Each structure stands twice: as structure tokens, then as C-alpha cells.
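Single-letter residue listing:
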Amino acid sequence: MKIFLIIPYKSESDDIYELVKLVVKSKGYEISRAEDFDHTESVENSVREEIANSDIIIADLTQIEDRKGRNRNVQSEFLMAQLVNKPIIPLCEKNTELSNDLSNFQTIIYDRLRMQETLVKPLSNYLSKPKTIDFLLKKTKVESTIKPIKSIFVSYSHNDNEYLERLKIHLKPFEKKGQIDLWVDTKIKAGEKWKDKINNALETSVIAILLISADFLASDFIIDNELPPLLKSAEEKGKIILPIIVKPCRFSNDDNLSKFQAINNPKMPLSKLNENDREEIYVKVADYIDNLVK
């Protein structure tokens, strides 16, 4: 059986890694983590593939549950594991305030002053129970037969509608297969409470695509109502943010947005590209979504 360990890229977590590895190997299981891969541009794909091929995920979520210190690799890997319905055994350091997101998990709370008693022994007992392991694997197998719909929220300025329409064309095959629900404000019907609809879409989405331009950055509604919950969810829950630069703008100067890797070079917005090059950017987005829904 293969186990993937989600743990921060920090030396202060090395003791947790060594203890978890000791327990896992003592049970005859394989273990891997993101740092086992070369940190190249393809490391994210390698980690996604490793998570998909693992049977169980052990995740130290102390860093993303503690508001004083977050780690982006933990956020993204934890979301990857959830998206492919992997059974997860969360770990969390004592005195960390747990969020409601972990209410469905049986979390192992460890104390660094009593590691043998609070981490090694509970994890060893957990992995020693065949019925528990069988239950986790069977539960996941049943769940994985039902392909969950990934909700995608698109934030854009109406002045950039032409780019939205082309994006919708490229993502239409995923919608037809029932793999995604692409949410845009045009789905709001007459008579519906539009703000409630938008807030619900913001909350339930696992991916947010931002079509960024000067109009986008100048929109009071986007800046005041859409971006704050998206950025908060990205920071606290690992929501994936995919910026697409559609027109020249000051994206790179925006401290909140520029920390997210844009799909295309901010110096080469879609408006500067010829039709073929623009299509390649949309295909790149579709390929990214395809990797998530598989």
C-alpha cells in the first residue's frame, strides 16, 4: 500500500516526517512526499500523479490551520487529495484551532513534548487495524465511482465579455460531461436574489478563474465583494486561483493578486496575441481543468 505524506517544506517539520516514515515503514507500506521530487516546473504534475496513485494520504495540517503560519504546498496538496476523493488521515499540533473543514476527519492531535505517545502510537494503532484501513479504502472506492462536479467561479468585468465567451467554449466539453459547473453571473435568473447567488457560488467553488484587465481592477464590485472571499478561501482552504491576463493592466503591481501564478505572461495579455496564440492560452486552461477532474 502506498501512502503520500502532505507536510510543509520546512526543516522544522523534519521530525514529524521522520516519525511518520518510521511508523509507515514498520507496517510494510511505501511512503512519499513532495520533496522527494525535483523542484522543477513539472513538480506540481508529479505530486498530483503521486497523490492519485497513493492509497491513503497523511496530512500535517498544522500550518494551514494556524493563522500565524501557512504553507502553500500543504494547501494545494490537501485540495488535490480532496478533489480525487483520497482517504485522509489528518495530523495537527496541539493547541491549533481546528476549522470546520476537519469535522469529518478523525484527526491525530500531537504534542511535540510527547511525540511517542501522541503521534507514533496513535498513528501506529490506526495503520495496524485492517478493518479501519479496509473501511477507508472501500469508502473511497464507492465515492470515486460518483464523479463530483467541480464548481468553477469566473470573475470578470462585463467589458471583457468576449474573453469570457471564448473561455466558455473551451470548457464546454467538461460541462457536457457533468464534470464541472462553470458559474458566471449570467446564470442569475430574473427575480432571483443576485447577491445571494453570487455569495453561494463564491463559497462552493473549488476553482476561481479571474479574467484580469484594467476594467477588472477598477470594478468596485469585484474588488469589494468577489476578491476578498476568494483570496481568503485561497489562503485558508486552498481554493485554486487561476488568473488570466486579458488586457494590459497593473496585475504585477497588485500585492494580493500577483502572488498567484498567471496562466499567461502578464506582459503578453490576450489582447496582444494573435488568434492562434490566444487559443493556446485557453487550451492551457482546459488542460489544467482536465488534470483536476480526472
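Residues numbered from 1 in each chain as written. Predicted model: local features only at pLDDT ≥ 70, side-chain atom pairs only at ≥ 80, totals over all residues. Heavy atoms only, no water.

Novice: Would you mind going over the confidence of the model for the chain in detail, with residue names and values included?
Specialist: Of the residues in the chain, 80% reach a pLDDT of 70 or more, and the chain-wide mean stands at 81. The element-level mean pLDDT for the chain is lowest in helix 6 (residues 130-144), coming to 54, with helix 9 (residues 214-218) highest at 96. Low pLDDT, under 50, characterises residues 65-69; the stretch is placed with ten contacts to residues that sit more than four places away or in other chains. (pLDDT = per-residue confidence, 0-100. Helix = DSSP H or I, 4+ residues; strand = E, 2+ residues; numbered from the N terminus. Contact = heavy atoms within 4.5 Å.)

Novice: Tell me about the side chain of Ser213, and please be specific about residues and values.
Specialist: Residue position: Ser213 is located in the loop between strand 8 (207-212) and helix 9. Within the structure, Ser213 has its side chain in polar contact with the side chain of Asp160 (distance 2.5 Å). The residues contacting Ser213, other than those within four sequence positions of it, are Asp160, Val246, Lys247 and Cys249. (Polar contact = N/O pair within 3.5 Å; in protein donor to acceptor, adjacent residues only side chain to side chain.)

Novice: Now, about the sheet that holds strand 4 (residues 88-93): what can you tell me, with residues and values included?
Specialist: The strands that make up a sheet pair up through hydrogen bonds in the backbone, lying either parallel or antiparallel. On the basis of which strands lie adjacent, the open sheet formed by five strands has the order 2-1-3-4-5 and parallel pairing. Lying at the two open borders of the sheet, with one neighbouring strand each, are strand 2 (30-33) and strand 5 (108-110). Within this sheet the neighbouring strands show an average axis-to-axis angle of 20 degrees, counted without direction. In this structure, strand 3 (residues 56-60) lies alongside strand 4, joined through four bridges in parallel fashion. Along strand 4, the bridge assignment pairs Ile58 with Ile89. In the packing of helix 5 (residues 115-128) onto the sheet, contacts are made with strand 1 (2-6), strand 3, strand 4 and strand 5, and the angle to strand 5 comes to roughly 160 degrees. (Pairing = 2+ DSSP bridges. Axes fitted to C-alpha atoms, helices over the stretch in contact; angles between N-to-C directions.)

Novice: Account for helix 7 (residues 161-176), with residues named and values stated.
Specialist: Counted at 1.5 Å a residue, the expected span for helix 7 with its 16 residues is 22 Å, and the 22 Å between its end C-alpha atoms agrees. What helix 7 keeps buried is the set Tyr163, Leu164, Leu167, His170, Leu171 and Phe174. (Expected span 1.5 Å × (residues − 1). Buried < 20%, exposed > 50% of the residue type's maximum accessible area, 1.4 Å probe, protein only.)

Novice: Go over helix 2 (residues 43-53), please, and point to the residues and values.
Specialist: Here helix 2 has its buried residues at Val43, Val47, Arg48, Glu50 and Ile51. One face of helix 2 carries all of its buried residues, which in axial projection span an arc of 165 degrees. (Arc of directions from axis to C-beta.)

Novice: Lay out the environment of Lys237 with the relevant residues and their values.
Specialist: Mapped onto the elements of the fold, Lys237 is located in helix 10 (residues 220-237). Looking at Lys237, the relative accessible area reads 44%, which means it is partly exposed. A sequence separation of 162 residues divides Lys237 from Gln75, and the C-alpha atoms of the two residues are 6.5 Å apart.

Novice: Lay out the packing of helix 1 (residues 14-26) against helix 5 with the relevant residues and their values.
Specialist: The geometry of helix 1 relative to helix 5 is characterised by a closest axis approach of 9 Å and an angle of 35 degrees between their N-to-C directions. The interaxial crossing formed by helix 1 with helix 5 has right-handed handedness. Residues Asp15, Ile16, Leu19, Val20, Val23 and Val24 of helix 1 touch helix 5, and the partners they reach there are Met115, Gln116, Leu119, Val120, Leu123, Ser124 and Leu127. Counted by class, the contact of helix 1 with helix 5 contains ten nonpolar, two polar and one charged residues. (Left-handed = near helix turned anticlockwise from the far one by under 90°. Nonpolar A, V, L, I, M, F, W, Y, C, P; charged D, E, K, R; others polar.)

Novice: Tell me about the pairing of strand 3, and name the residues and values.
Specialist: Burial runs high along strand 3: five of the five residues are buried. Burial along strand 3 is two-sided: the face carrying Ile56, Ile58 and Asp60 and the face carrying Ile57 and Ala59 are both buried.

Novice: Tell me about the packing of aromatic side chains, and please be specific about residues and values.
Specialist: Summed over all chains, the structure comprises one aromatic pair. Here Phe153 and Trp183 contribute two aromatic rings whose centre-to-centre distance is 5.5 Å and whose plane-to-plane angle is 10 degrees, an arrangement assigned as stacked. Taken together, the positions of Phe153 in strand 6 (residues 150-155) and Trp183 in strand 7 (residues 180-183) put the pair 30 residues apart, joining distant regions of the chain. No difference in accessibility class separates Phe153 from Trp183, as the two residues are buried. The side chain of Arg33 reaches across the aromatic face of Tyr17, ending 3.5 Å from its centre. Lying across the ring of Tyr288, Arg48 places its NZ or CZ 5.6 Å from the centre. (Phe/Tyr/Trp six-rings, centres within 6.5 Å; stacked < 30°, edge-to-face > 60°. Lys NZ or Arg CZ within 6 Å of the ring centre and 35° of its normal.)

Novice: Quick one: what's the story with the nonpolar core, residue by residue and with numbers?
Specialist: In this structure, Val154, Leu167, Leu171, Ile209, Leu211, Ile244 and Ile289 are the most contacted members of the largest nonpolar core, which totals 29 residues. The biggest single contributor to this core is helix 11 (residues 275-293), with six residues. What Leu167 contacts, discounting residues up to four positions off in sequence, is Val154, Ile209, Leu211, Ile244, Tyr282 and Val285. Core analysis: the next-biggest nonpolar cluster, separate from the first, contains 23 residues, Leu5, Val24, Ile31 and Ile108 among them. (Core = buried A, V, L, I, M, F, W, Y, C linked by side-chain atoms within 4.5 Å.)

Novice: Explain the sheet that holds strand 7 residue by residue, including any values.
Specialist: Strand order across the open sheet formed by four strands is 7-6-8-9, with parallel pairing between neighbours. Edge strands, defined here as strands with exactly one partner in the open sheet, are strand 7 and strand 9 (240-245). Within the sheet, the average angular offset between the axes of one strand and its neighbour, ignoring direction, is 20 degrees. Looking at chain direction, strand 6 and strand 7 are connected through four bridges and run parallel. Counterpart to Ile152 in the pairing with strand 7 is Leu182. The sheet strands contacting helix 10 are strand 6, strand 8 and strand 9, and the helix crosses strand 6 at an angle near 140 degrees.

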